[in-house]
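# Descriptive analysis of the structure
The residues making up each chain are set out below.
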Amino acid sequence: MRRTTLAGLIPLLLLLATGEASAHAFLDHAEPRVGNTVATAPREVTLWFTQKLEPAFSTITVTNSAGQRVDTGKARVSGSQMTVSLRSGGAGTYHVTWRVLSVDAHTTDGSFSFQVSK
Amino acid sequence: MNWLGAAVDGPLVVIRAIHFAATAILTGTLIFRAVVAEAASASARPAAIVVGTQTLRVAWTSLAISAASGMIWLLLVAASMSGLSFGESMTSDVLSTVVNETQFGRVSEIRLVLAVIIAGCLAYVRFPLARGLALATSLGLTAALAWTGHAGSTAGEMGILHLTADTLHLLAAAIWLGGLVSLVLLLSVSRRDQTPAVVSFARDATQRFSVMGIAVVVVVFATGIINAWILVGSWHALIVTGYGRLLILKVVLFAAMLLIAAANRFWLTPRLALPSGSEPQYEAVHRLERNSMIEIALALLIFAIVGMLGTLHPAIHFL
C-alpha cells in the first residue's frame, strides 16, 4: 500500500512542479517614500518591513548623488521597523540599500532611491 | 536545487526535517508512556515493562538525535545569517553574535538546556517526579520550535495568534507521530504474546490512543488552517508559489494519514475485542501495526516537507 501511495504522488508532483515564484516583497514602505521627492535632506530614513528583524544582522546604507555615504552607520531596529540617521548630503538622488535578517532567519536585500530637491 | 518551483537549501532542509521528527518522536513517546501505556498497563505487567523499556530506548535515541541535529542546525543558520561560507562563519565572533543577539540563537540555547534537563530526568525515569518533569520539559522543547520559525517573526497581535496556533500545531503533530511509533512497538509485543491479558492491554492502549488521536487531528487541522491563512493568505498564492504547492502536498499526505487513521479507528480497533487468539483478531493486530507503520512513513514525509517550508519565504510575501 505504501508503494501505491507513493506511486500515486508522482503525477501530482509533476503537476505541481511548474513555474517559479519570484519578486520578494519584504519592504512594506519607507519614509522618505520610495521614489518620492522631498524638499530638504531628511535627518533619518525609516524602513518598515513585513516581518520582525534581527538588529545584529540588518543594515541600511544610504548614499547621496555624489555616491558618498551619508548614513551614520548603526541602524536602530524596533520590531519590524528600522531607522538610520543621516548626515547632511545636499540635493540630488539618494540611494538606500538594505540587507535585513528577519527573526525566522531569512535574509533579504533590496534598494530604492528618493530625491532631495534642495 | 529546485523543487515545486522553490529553491531548496539541501543540508538545512535535511537537518531541519531530522530535528523536527526526532523532537516530535521524543515528545510523543513520553506522552504515550504517560497517558496511554502506563494508564493501560495494570492488566499486563510483563508486557507493559517490555513496552516501557522499548519506548524509553526510543526516547533516549530521539533525544540524542534531536540534540545533535539541533546543534548542527544552529551552525547552518549561523552561516546563513552571517552571509559567509560555512567554514568562514565558524568563528567565535559570528557564533556568539548569533547565540546571544538573535531570537533563533537564544531559543536554541534555551532548548539545549531543556534537552539536558530531559536527559537528567530520563536517567532517573523510575521516579514519578522525573517522569513528569521529562514530559513537561519535552513539551517545552517541541513548543519552543514555534519561536524559531515563521511564527516567531510575524509582527503585532497577529504574531501572538500565529505563535499560539503554531505551538499547538507542533505539539499535536508530535503527539501523533511519537504516539504512532510507541503504538507500533506495543502492537508488535502483543502480536508476539497472544495471552488475553496482553491483548486486552493492546486493546486498551489502542483505544486510548485513538481517543487522543481524534483530539490531535482536530487541533492539527484547525491550527494548520490558521497558519496557512497567515503564511499563504489566498487560494491564488497556494497554487502559484512553491511554498503553496508544497503545502498542498503536505495536506494531501495529511489526508492519506487521516484515511488510514479512520480505518484503524472504525474498522480494526473494534476487532481487537474479538476472542483472544482467534485468527481475525490476530489479523487485526497485524494490520493495525502495518497501517501505523504506513502512517509513520507518511508523517516522516510530512516532516521532510516541513523541513523545506520553514526555509522558504512564505507565499504571502510574493503577492
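Our subject is the structure listed above.
Let me sum up the structure you'll find in this document. Note that this is a predicted model, so its numbers are computed, not measured. (Residues numbered from 1 in each chain as written. Chains lettered and ligands numbered in written order. Predicted model: local features only at pLDDT ≥ 70, side-chain atom pairs only at ≥ 80, totals over all residues.)

## Some words on the overall build of chain B
When you go through chain B residue by residue, the secondary structure sums to 11 helices and 2 strands. Counting from the amino terminus, helix and strand elements in chain B follow one another as β-β-α-α-α-α-α-α-α-α-α-α-α. For 319 residues, the compact-globule formula gives about 20 Å, and the C-alpha radius of gyration of chain B, at 21 Å, lands near that figure. Dimensions of chain B, computed from the C-alpha atoms along their principal axes, are close to 65 × 45 × 35 Å. Looking at chain B as a whole, 48% of its 319 residues qualify as buried. (Helix = DSSP H or I, 4+ residues; strand = E, 2+ residues; numbered from the N terminus. Rg over C-alpha atoms; globule rule 2.2 N^0.38 Å. Buried ≥ 20, exposed ≤ 12 C-beta atoms within 10 Å, placed from the backbone.)

## Points about unusual backbone geometry
Residue and element names in this part refer to chain A. Between Glu-31 and Pro-32 the backbone carries a cis peptide bond, its omega angle lying at 0 degrees. Of note, Pro-32 is situated in the loop between strand E1 (27-31) and strand E2 (37-38). Its identity as a non-glycine residue notwithstanding, Ala-105 has a phi of 75 degrees, on the positive side. When the 27 C-beta atoms within 10 Å are taken as the criterion, Ala-105 is described as buried.

## Side note on the nonpolar core
A:Ile60, B:Leu177, B:Ala202 and B:Ala299 are the most contacted members of the largest nonpolar core, which has 114 residues in total. With 16 residues, helix H1 (residues 10-37) of chain B is the single largest residue contributor to this core. Apart from the residues within four sequence positions on either side, B:Ala202 is in contact with B:Leu186, B:Leu187, B:Ser190, B:Leu272 and B:Val285. (Core = buried A, V, L, I, M, F, W, Y, C linked by C-beta atoms within 7 Å. Contact = placed C-beta atoms within 7 Å.)

## Regarding the sheet that holds strand E4 (residues 59-63) of chain A
All names here are of chain A. If you trace the 4 strands from one edge of the open sheet to the other, you get E2-E8-E7-E4, paired in mixed fashion. On the outer flanks of this sheet lie E2 and E4, each paired with one strand and no other. Alignment of E2 against strand E8 (residues 107-116), held across 2 bridges, turns out to be parallel. Within E8, the residue paired with Thr-37 across the bridge is Gln-115. (Pairing = 2+ DSSP bridges.)

## Quick look at the pairing of E4(A)
All names here are of chain A. Here E4 shows a buried face lined by Ile-60 and Val-62 and an unburied face lined by Thr-59, Thr-61 and Thr-63. Strand direction decides the pairing type here: E4 and strand E7 (residues 92-101), joined by 5 bridges, are antiparallel. Residue pairing for E7: Thr-63 is matched across the bridge by His-95.

## Points about the sheet that holds strand E6 (residues 81-85) of chain A
All names here are of chain A. Pairing in this open sheet of 4 strands is antiparallel, and the strands run E1-E3-E6-E5 from one edge to the other. Each edge of the open sheet is held by one strand with a lone partner, namely E1 and strand E5 (76-78). Each adjacent strand pair in this sheet contributes to an overall mean axis angle of 20 degrees, direction not counted. Pairing geometry for strand E3 (residues 44-49) and E6, over 5 bridges, is antiparallel. Bridge pairing in E6 links Thr-46 to Thr-83. (Axes fitted to C-alpha atoms, helices over the stretch in contact; angles between N-to-C directions.)

## Focus on the environment of B:Val306
Relative to the helices and strands, B:Val306 resides in helix H11 (residues 279-309). Beyond its immediate sequence surroundings of up to four residues, B:Val306 is in contact with B:Ala17 and B:Phe20.

## Considering the pairing of E7(A)
Each regular strand shows side chains that alternate between the opposite faces of the sheet. Residues and elements named next belong to chain A. In this sheet, E8 lies alongside E7 in antiparallel orientation, the contact comprising 10 bridges. Paired with Val-100 across the two strands is Thr-108, which belongs to E8. What sits between E7 and E8 in their antiparallel hairpin is a turn of 5 residues, with Ala-105 showing a positive phi close to 75 degrees.

## Points about the environment of B:Thr154
Positionally, B:Thr154 belongs in the loop between helix H6 (128-143) and helix H7 (156-192). Look at B:Thr154 and you get buried, because 26 C-beta atoms sit within 10 Å. As for B:Thr154 and B:Ile230, which are separated by 76 residues in sequence, their C-alpha atoms are 8.8 Å apart. Among all residues touching B:Thr154, those that are not within four sequence positions of it are A:Gln51, B:Gly159, B:His162 and B:Ile230.

## Some points on helix H2 (residues 45-82) of chain B
The α-helix winds at 3.6 residues per turn, so residues separated by three or four positions along the chain end up facing the same way. Here H2(B) contains 38 residues, and its C-alpha end-to-end distance of 55 Å stays within 8% of the 56 Å for a straight helix at 1.5 Å per residue. Among the residues trailing H2(B), B:Gly83 stands out with phi positive, at a value near 75 degrees. (Expected span 1.5 Å × (residues − 1).)

## Looking at the packing of H1(B) against H6(B)
Residue and element names in this part refer to chain B. For the pair H1 and H6, interaxial distance at closest approach is 9 Å and the crossing angle is 145 degrees. Judged by the sense of rotation from one axis to the other, the crossing of H1 with H6 is left-handed. Listed contacts from H6 to Thr-23, Ala-24, Leu-26, Thr-27, Leu-30, Ile-31 and Ala-34 of H1 are Arg-131, Ala-134, Leu-135, Ser-138, Leu-139, Leu-141 and Thr-142. Residue classes in the contact of H1 with H6 are distributed as 9 nonpolar, 4 polar and 1 charged. (Left-handed = near helix turned anticlockwise from the far one by under 90°. Nonpolar A, V, L, I, M, F, W, Y, C, P; charged D, E, K, R; others polar.)

## A look at the packing of helix H5 (residues 103-123) of chain B against H6(B)
All names here are of chain B. Packing of H5 against H6 brings their axes to within 9 Å, and their N-to-C directions diverge by 155 degrees. By the angle between their directions, the pair H5 and H6 is classed as roughly antiparallel. The handedness of the crossing between H5 and H6 is left-handed. For the pair H5 and H6, contact is made by Arg-111, Leu-114, Ala-115, Ile-117, Ile-118, Cys-121 and Leu-122 and by Ala-130, Leu-133, Ala-134, Thr-137, Ser-138, Gly-140 and Leu-141, respectively. Looking at the contact of H5 with H6, its residues break down into 10 nonpolar, 3 polar and 1 charged. (Parallel < 35°, antiparallel > 145°, perpendicular 65-115°, else oblique.)

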